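An overview of the molecular structure
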Amino acid sequence: MKSNSEEQAIRALLDRWVETSTHKDIDGLMECYAPDVRAFDAIAALEFKGRDSYRKHWEYCLGFAPGDMLFEIHDPDISIGGDIAFCHYLATCGCTDEKGKAEVGWTRGTVCLQRINGQWQIVHEHYSVPFDPQTMQVLTELKP
């Protein structure tokens, strides 16, 4: 059962995650993750284990954005049970190019959270993009 205050705390963490990622604040972003986070991101590697490994990946990804990072979480669905919670949502993700044009696509996100020392942290993150199995092309142009 989710309490209003716990859901608000998780939404605040997700808002901070969005804010720090779009501002390329790598230190603030990493504070959202537990030290032993395990992540399945949509690009570059099969998995990342630990905050240090995931930080290197984030630094790599942020380096591709010539302009602002763009990220929006749409309709997050949060479930809470004690000190464990998960949230799934659709998101738009991308950046602005050198001319300021937005280049974004839709992705699917799931985060698993744990309350550690009284604070919610992301312990698992999974992003994926659907693909066409006949062409092996990702389908970022799909819309909800």
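Computed from a predicted structure; not experimentally measured. (Residues numbered from 1 in each chain as written. Predicted model: local features only at pLDDT ≥ 70, side-chain atom pairs only at ≥ 80, totals over all residues. Heavy atoms only, no water.)

The subject of this paragraph is a nonpolar patch on the surface. Taken together, the side chains of Phe131, Met136 and Val138 define a hydrophobic patch exposed on the protein surface, amounting to about 320 Å² of accessible area. Here Met136 shows up in the loop between β7 (131-132) and β8 (137-138). (Patch = residues over 30% accessible without salt bridge, like charges linked within 9 Å, V, L, I, M, F, W, Y side chains within 5 Å. Areas by Shrake-Rupley, 256 points an atom, 1.4 Å probe, with all protein chains shown as cover. Salt bridge = Lys/Arg side-chain N within 4 Å of Asp/Glu carboxyl O. Helix = DSSP H or I, 4+ residues; strand = E, 2+ residues; numbered from the N terminus.)

Our next topic: the pattern of salt bridges. It is possible for side chains bearing opposite charge to pair when their charged atoms get close. Scanning all chains against the criterion turns up six salt bridges. Close ionic contact of Arg115 with Glu6 constitutes a salt bridge, the shortest N to O distance being 2.5 Å. Of this pair, Arg115 sits in strand β5 (residues 102-116) while Glu6 sits in helix α1 (residues 4-22), and the two are 109 residues apart along the sequence. A residue is classified by how much of its surface remains accessible, and Glu6, at 22% relative accessible area, is partly exposed. Between Arg115 and Asp83 there is a salt bridge, with the nearest N and O atoms lying 2.7 Å from each other. Of the two residues, Arg115 is situated in strand β5 and Asp83 in the loop between β3 (69-81) and β4 (84-96); the sequence distance between them amounts to 32 residues. (Buried < 20%, exposed > 50% of the residue type's maximum accessible area, 1.4 Å probe, protein only.)

Quick look at unusual backbone geometry now. With a phi close to 50°, Asp75 is a non-glycine residue in the positive phi region. By secondary structure assignment, the location of Asp75 is in strand β3. On the basis of relative accessibility, which here comes to 70%, the residue Asp75 falls in the exposed class. Within the chain, Met136 stands out as a residue other than glycine whose phi angle is a positive 65°.

Sheet faces and side chains relate simply in a regular strand, where the side chains alternate between the two faces. Here four bridges tie strand β1 (residues 33-40) to strand β6 (residues 119-128), and the two strands are oriented parallel to one another. From the neighbouring strand, Tyr33 faces β6, where its bridge partner is Ile122. (Pairing = 2+ DSSP bridges.)

Moving on to a negative patch on the surface. Together, Asp15, Glu19, Asp25 and Glu31 line one region of the surface with negative charge. Relative to the helices and strands, Asp15 is located in helix α1. (Lys, Arg positive; Asp, Glu negative; His and termini not counted. Charge placed at Lys NZ, Arg CZ, Asp CG, Glu CD.)

Here we take up the packing of aromatic side chains. Counted under the stated rule, the structure contains eight aromatic pairs. Arranged with centres 5.8 Å apart and planes meeting at 75°, the rings of Trp17 and Trp58 form a pair that is edge-to-face. With Trp17 in helix α1 and Trp58 in helix α3 (residues 51-62), the pair connects residues that are 41 residues apart, well separated along the chain. One exposure class covers both Trp17 and Trp58, and it is buried. Considering the side-chain rings of Phe48 and Tyr54, the 5.4 Å spacing of their centres and the 40° angle between planes classify their relative orientation as tilted. Judged by its relative accessible area of 0%, Tyr54 is buried. In textbook terms, an aromatic cluster arises when at least three aromatic residues are bridged by ring pairs, as seen for Trp17, Tyr33, Phe48, Tyr54, Trp58, Phe71, Tyr89 and Tyr127. (Phe/Tyr/Trp six-rings, centres within 6.5 Å; stacked < 30°, edge-to-face > 60°.)

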